[in-house]
Amino acid sequence: MIYDFYIFNRSGTCTFSESYSQEALPKKSDIKKLIFGMIYMLRDLTGKLSPRGSDNLHVVRTNTFAIHHYQSETGLIFVLVTKANIADLSRKLEWIYKNLYVENVSRNVLFILDHKKPIDNGLFRKKVNDYILVDSNTSKLVKNDSSNGSSNHQQENQLKNKI
């Protein structure tokens, strides 16, 4: 089950958020800042401890939830909060960035980059919701599913055809 989806800019401002479940984390006013801060600090820590840098941090798990993230080359951070038993979704977040964000936000001539304003693009929101809900309505997200990779590829192709 997918709870929430966030996009943060380089300065830590949440520019896009969507909630998919009433069972999500407790709705505190500063939950977005806490999630960004935790990812920022863990990336910094793994960057200092790991010979490969912070690129190997994809999922943070607790007993009750998991936080999946992808950081683009431009510094945008895409985050999904899910149940703990969901497989790594960082590749899905990368796909959202490369195929939905770039196409519908970055290349949109009407979009004005303002780090303080949220992304207000109905088509982007619809495509993100369609993509995320396609996955959350299947059982292919649960860990240890050996067909996860090929099924995800099929779902991405179905969404491309739908879009």
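Model, not experiment: these values are computed from the prediction. (Residues numbered from 1 in each chain as written. Predicted model: local features only at pLDDT ≥ 70, side-chain atom pairs only at ≥ 80, totals over all residues. Heavy atoms only, no water.)

K.L.:
An account of the overall build of the protein is needed here, citing residue identities and associated values.
P.N.:
Counting its secondary structure elements, the protein contains 4 helices and 5 strands. Moving toward the C terminus, one meets the helices and strands of the protein in the order β-β-α-β-β-β-α-α-α. Considering only contacts within the protein whose residues lie at least 6 apart along the sequence, 52% involve residues at least 24 apart. Counting only carbon and sulfur atoms, one obtains 52% of the accessible surface of the protein, whose full area is about 9500 Å². (Helix = DSSP H or I, 4+ residues; strand = E, 2+ residues; numbered from the N terminus. Contact = heavy atoms within 4.5 Å. Areas by Shrake-Rupley, 256 points an atom, 1.4 Å probe, with all protein chains shown as cover.)

K.L.:
Describe in detail the packing of aromatic side chains, supporting the description with residues and values.
P.N.:
Enumeration according to the criterion identifies 12 aromatic pairs in this entry. Ring geometry for Phe5 and Phe78: centres 6.4 Å apart, planes at 40°, overall tilted. You can see Phe5 sitting in strand S1 (residues 2-8) and its partner Phe78 sitting in strand S5 (residues 77-83), a full 73 residues away along the chain. A relative accessible area of 0% means that Phe78 is categorised as buried. Judged by centre distance (5.9 Å) and plane angle (20°), the rings of Tyr97 and Tyr101 are stacked. Of the two residues, Tyr97 and Tyr101 are both situated in helix H2 (residues 90-106); the distance of 4 residues between them amounts to about one turn of the helix. On the accessibility criterion, Tyr97 (8% relative accessible area) is buried. Since its relative accessible area comes to 5%, Tyr101 is described here as buried. (Phe/Tyr/Trp six-rings, centres within 6.5 Å; stacked < 30°, edge-to-face > 60°. Buried < 20%, exposed > 50% of the residue type's maximum accessible area, 1.4 Å probe, protein only.)

K.L.:
Any chance you could break down the confidence of the model for the protein for me, citing the residues and the numbers?
P.N.:
Residues of the protein with pLDDT of at least 70 account for 72%, and the chain-wide mean is 80. In the model, residues 142-151 has pLDDT below 50 throughout and makes 14 contacts with residues more than four positions away in sequence or in other chains. (pLDDT = per-residue confidence, 0-100.)

K.L.:
An account of the pairing of S5 is needed here, citing residue identities and associated values.
P.N.:
In the case of a regular strand, side chains alternate between the two sheet surfaces. Among the 7 residues that make up S5, 6 are buried, leaving the element largely enclosed by the rest of the structure. Two strands pair when backbone bridges link them, and S1 and S5 are joined in this way by 6 bridges, in the antiparallel orientation. Counterpart to Phe8 in the pairing with S5 is Ile77. Sheet topology note: the strand S4 (residues 65-71)/S5 ladder contains 7 bridges and is antiparallel. Bridged to Ile67 within S5 is Val81. (Pairing = 2+ DSSP bridges.)

K.L.:
Describe the sheet that holds strand S2 (residues 14-19), naming the residues involved and giving the relevant values.
P.N.:
Think of a sheet as strands paired side by side through backbone hydrogen bonds, with each pair either parallel or antiparallel. The antiparallel open sheet is built from 5 strands, whose spatial order is S2-S1-S5-S4-S3. Single-partner strands in this sheet number two, and they are S2 and strand S3 (59-61). Geometrically, the sheet is characterised by an average inter-axis angle of 15° between neighbouring strands, direction not taken into account. Where S3 and S4 come together, 3 bridges link them in antiparallel fashion. Bridge pairing in S4 links Arg61 to Ala66. Running over the sheet, H2 touches S1, S4 and S5 and is turned about 45° from S4. (Axes fitted to C-alpha atoms, helices over the stretch in contact; angles between N-to-C directions.)

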